[in-house]
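# Architecture at a glance
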Amino acid sequence: MTAHKPTSTAQFRARATIAIKDIRLQGALDGATGHFRIGHDSALADLPHAHEMSRHLKAIRSSTLARLAEHLEAFERNAQAAGAQVHWARDGLEAGQITASIAQAHGVSLVTKTKSMATEEIQLNHTLQAAGIQPVETDLGEWILQLSQEPPYHIIAPAIHKTRGQVAQLFSEQTGQSLPADDIPRLTAEARRLLREKFLAAGLGITGANIGVAETGSIVLVTNEGNAEMVTGLPPVHVVIMGIEKIAPTWNDAAPWLALLARSATGQPLSVYTTFITGPAHPVDPDGPGELHIILLDNRRSVQIGTEYEEVLQCIRCGSCLNICPVYREAGGHAYGNPYSGPIGAVVSPLLFGLEAYEALPQASSLCGACLDVCPVQIDLPRMLLALRAEEVEAQIAPRSLRLAESTAAYVLGRERLMNLATSVLRLLQRPFARDGRLHLPDWLNPLGERQPPSLAKKPFRKLWEDNDDWH
Ligand code: SF4
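Residues numbered from 1 in each chain as written. Predicted model: local features only at pLDDT ≥ 70, side-chain atom pairs only at ≥ 80, totals over all residues. Heavy atoms only, no water.

## Some words on the nonpolar core
Formally: Nonpolar cores are built from buried Ala, Val, Leu, Ile, Met, Phe, Trp, Tyr and Cys residues. Side-chain atoms within 4.5 Å join them into one set. The buried label applies to any residue whose accessible area, calculated with a 1.4 Å probe on protein chains only, is under 20% of its type's maximum; exposed applies above 50%, and partly exposed to all values in between. Every residue pair with non-hydrogen atoms within 4.5 Å of one another is taken to be in contact.
Core analysis: the largest hydrophobic core is formed by 82 residues, its most contacted members being F12, F75, I219, I294, V312 and L381. In this view, F12 contacts T7, V327, A331, A335, Y336, A360, L361 and A364; residues no more than four positions away in its chain are not counted. Formed by 20 residues, the second largest nonpolar core is a distinct cluster that contains A100, I102, L204 and I241.

## Remarks on the sheet that holds strand β10 (residues 291-297)
So the rule is basically this: Pairing between two strands is assigned when DSSP locates at least 2 bridges connecting them. Only DSSP runs of H or I with at least four residues qualify as helices, and only runs of E with at least two residues qualify as strands; both kinds are numbered from the N terminus onward. Orientation is described by lines fitted to C-alpha atoms, with helices fitted over the stretch in contact, and by angles between N-to-C directions that extend from 0 to 180 degrees.
Strand order in this open sheet of six strands is β1-β10-β7-β4-β2-β3, and the pairing throughout is parallel. Looking at the sheet topology across the chains shown, the edges are occupied by β1 (85-89) and β3 (134-137). Strand-to-strand twist in this sheet, taken as the mean axis angle between neighbours without regard to direction, amounts to 25 degrees. The pairing of strand β4 (residues 204-207) with strand β7 (residues 237-243) spans four bridges and is parallel. Paired with T207 across the bridge in β7 is V240. Each of β1, β7 and β10 is contacted by helix α4 (residues 68-81), which is oriented at about 145 degrees to β1, the strand it contacts most. Along the sheet, helix α5 (residues 92-105) contacts β1, β4, β7 and β10; its crossing angle with β1, the most-contacted strand, is approximately 145 degrees.

## Overview of the site of the ligand
Just so we agree on the cut-off: A cutoff of 4 Å decides nearness: a residue is near a molecule or strand if any of its heavy atoms lies inside that distance of it. Classification used: nonpolar for Ala, Val, Leu, Ile, Met, Phe, Trp, Tyr, Cys and Pro, charged for Asp, Glu, Lys and Arg, polar for all others including Gly.
Close to the ligand lie C315, I316, R317, C318, G319, S320, C321, I344, C375, P376, I379 and L381, which account for all nearby residues. Split by residue class, the shell around the ligand holds nine nonpolar, two polar and one charged.

## Things to note about the environment of M230
Its location among the elements puts M230 in helix α11 (residues 227-233). Its relative accessible area of 22% is what places M230 among the partly exposed residues. For the pair formed by M230 and S366, sequence separation is 136 residues and the distance between their alpha carbons is 42 Å. Setting aside chain neighbours within four positions, we find M230 in contact with R196, F199 and P235.

## Observations regarding the pairing of strand β2 (residues 110-113)
Where burial is concerned, the two faces of β2 agree: the one with L110 and T112 and the one with V111 and K113 are both buried. Here β2 pairs with β3 via four bridges, running parallel. The residue of β3 that forms the bridge with L110 is Q134. Where β2 meets β4, three bridges bridge the pair, whose relative direction is parallel.

Next comes the structure, spelled out in structure tokens:
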């Protein structure tokens, strides 16, 4: 299991360079993100009034956040009325400790889990293991990553970077058999067999929540593999860890959320399983766990309310912005250093884990705006990336050498005669390296690593303009 890694500019560049050089990985990233993009586009094209629905969802998410405390209290009241026990966790450690203490109170040493970004965010598995409790991931992609001790590569497809050969190797180590990489049905059958033993043995199941519906205190889970049914239905105790922003006041408010989530994420009209859970088992509905605990996780969400970053809490974690992002599609998920990657990760990670620790991420964007265009909640990530960059400048977070270079550039660019002089000198200096419109610099002098930066044109544009009467 891996800890989150702080991400300085140098660290982001080093990790991204490894990903960019890996031709197989680049192919896998292109294939997966391209597949999701095509699915997303065709699913939304088939949905009547998709744009209006997206605006409606934004209005719901925005008005819900404006009265979040009220909706959370209603959720708590109604969940308790349905028989659930509700806990409030200020941060990830507290949420982990509450979960561990529920497990210990029931004498549980093995728990099963579904895929949940909130539990990845708080590194729940670390906390459970430290308490002597073995967590087992049961989403196939998450299980593969648990075996290989890696963080997720993508919000909705955590193991897209793994080859079938790597998966066969991991499963072979688990089963003690030599499993062939080209026999996918055999690999999945082995996974099913091994996980089934865990489903049956676990004393407690842990899930996240895609939506919490305040009017009935219900939880909505959106999954594709059927593992959530096993995790929530078989063990006697179910623990839900839900970020406080995942509230829909009513079922009517949850409807457009569900209509857009699977379409935006995977291109499905609905996920294979959409599970509604209201309270534990009771005489009228005797199936399911005898105890249901819902942990409402803050972890620096509430401090964003009322700030210029509040909008980021509207995110429904569909992953569309990753699939469209030219930086994510080259640099890959692990360059970001924590489970939230891509444009949403570039905003949310500095907010949740600290701007100093993740100073590279607001820069990891071309600001092309594709993430805003594709987002089902129309979240203005580029605006927030710029605001985070401004904070970095204000707090002088960038290395001194970079700040010095930037302020020198700003000084020169603001003075025409100085700029003309500087570009003339640079034109002379670049001569030994300039070829075919590029600078072929030695590695130690090249700020772009493997890539060759463009060289200065022989004639500046202003000179071309002066000399060319046809343009005037
Ligand atoms: S920011 Fe928008 S596109 Fe990105 S994961 Fe969140 S909801 Fe999806």
